[in-house]
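Structural overview for review
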Amino acid sequence: MFEQYVFDYQSDSIKEIVASCRPDVVLFSGAYDSCYHWNSENNDTALSYTADLSNILIAVSLQGVRHFVYISSEIVFEDEYIVDIKENMPVSPNSYKGMAIAQGEDLALHYGQSAQMEVTVVRLSQMYGIP
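Residues numbered from 1 in each chain as written. Predicted model: local features only at pLDDT ≥ 70, side-chain atom pairs only at ≥ 80, totals over all residues. Heavy atoms only, no water.

A word on the overall build of the protein
Filter applied, for reference: Strands here mean DSSP runs of E at least two residues long; helices mean DSSP runs of H or I at least four residues long; both are numbered from the N terminus. In this description the radius of gyration comes from C-alpha coordinates, and the expected globular size is given by 2.2 Å times residues to the power 0.38. Under the scheme applied here, a residue whose accessible area is under 20% of the maximum for its type counts as buried, over 50% as exposed, and between as partly exposed, the area being computed with a 1.4 Å probe on protein chains only.
A count of helices and strands for the protein gives three helices and three strands. Along the protein, from the amino end to the carboxyl end, the secondary structure elements read α-β-α-β-α-β. Rg of the C-alpha trace for the protein: 15 Å, near the compact-globule value of 14 Å for 131 residues, within the 12% margin. By its C-alpha atoms, the protein is 50 × 30 × 25 Å across when sized along the principal axes. When burial is assessed residue by residue, the protein has 32% of its 131 residues classed as buried.

Spelled out as structure tokens, the structure:
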């Protein structure tokens, strides 16, 4: 069954929401999350994004969720490349958004190792519009 909940990620009720629905998988829409309004002149969104992701990761691991999916994008590769980009190439973000999305990948993967939770990072390329 697929359920979608829309709530403030900084809310203390995240733990209760996760506990009440007991999901098998949590999908964090990350780079395509409509809750964030990225502005190149202001890095407050990047700070909020990273803090919100941390809050969600803590809540889902405390409730025993075994699988977390983080949706990333090609924005983590903002440098110009003369070769095809492979998934194991190091990221090269230049903007606040790119850095926040790349840090989100690292944060989710590292947290998954520490909490023994399966974490999958999915990089979507050339997606237009909000899914």
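A few points about the sheet that holds strand 3 (residues 118–124)
Applicable threshold: Note on pairing: DSSP must find at least two bridges between two strands before they are called paired. Note on method: axes are straight lines fitted to C-alpha atoms, helices fitted across the in-contact stretch only, with angles between N-to-C directions ranging 0 to 180 degrees. The criterion used for residue contact is that any of the two residues' heavy atoms lie within 4.5 Å.
One open sheet holds the three strands; their spatial order is 1-2-3, and the pairing between them is parallel. Of all strands in the sheet, those with a lone pairing partner are strand 1 (25–28) and strand 3, marking the two edges. Strand-to-strand twist of the sheet, defined as the mean angle between neighbouring strand axes without regard to direction, takes the value 20°. As judged from the seven bridges shared by strand 2 (residues 67–73) and strand 3, these two strands associate in the parallel manner. Counted as the bridge partner of phenylalanine 68 is valine 119 from strand 3. In the packing of helix 2 (residues 44–62) onto the sheet, contacts are made with strand 1 and strand 2, and the angle to strand 2 comes to roughly 160°. Helix 3 (residues 96–115) contacts strand 2 and strand 3 of the sheet and is inclined by roughly 160° relative to strand 2.

Quick notes on the state of the cysteines
Test applied: Criterion for a disulfide: a pair of cysteine sulfur atoms within 2.5 Å.
Tallied over the full model, the rule gives zero disulfides. Its sulfur unpaired, cysteine 21 is 16 Å from the next cysteine sulfur, which belongs to cysteine 35. When its relative accessible area of 31% is taken as the criterion, cysteine 21 is described as partly exposed. A relative accessible area of 41% places cysteine 35 in the partly exposed class.

As for helix 1 (residues 14–21)
Threshold: This arc describes the spread of directions from the helix axis toward the C-beta atoms.
Turning to helix 1, its buried residues number three or more, namely Ile14, Ile17 and Val18. The buried residues of helix 1 occupy one face: seen down the axis, they fall within an arc of 95°. Structural note: helix 1 exposes Glu16 and Ser20 on the side pointing more than 90 degrees away from its buried face. Residues of helix 1 that are buried make contact with helix 2. Immediately downstream of helix 1, the backbone of arginine 22 shows phi near 40°, a positive value.

With respect to the pattern of salt bridges
Quick note on the threshold: Just to be clear on terms, a salt bridge is a Lys or Arg side-chain nitrogen sitting within 4 Å of an Asp or Glu carboxyl oxygen.
Summed over all chains, the structure comprises one salt bridge. The salt bridge partner of glutamate 105 is arginine 123, with a shortest N-O separation of 2.7 Å. Of the two residues, glutamate 105 sits in helix 3 while arginine 123 sits in strand 3, which places them 18 residues apart along the sequence.

Overview of the nonpolar core
The tendency in soluble globular proteins is for nonpolar side chains to be buried as a group. Threshold: Residues belong to a common nonpolar core when they are buried Ala, Val, Leu, Ile, Met, Phe, Trp, Tyr or Cys residues joined through side-chain atoms within 4.5 Å.
Counting 29 residues, the largest nonpolar core has Phe28, Tyr49, Ile56, Val60, Phe68, Tyr70 and Ile101 as the members making the most contacts within it. If you list the elements that add at least two residues to this core, you get helix 1, strand 1, helix 2, strand 2 and helix 3. No other element matches the seven residues that helix 2 contributes to this core. Tyrosine 70 has contacts with Phe28, Gly30, Tyr49, Leu53, Ala100, Ile101, Gly104, Glu105, Ala108, Thr120, Val121 and Val122, leaving out every residue within four places of it along the chain.

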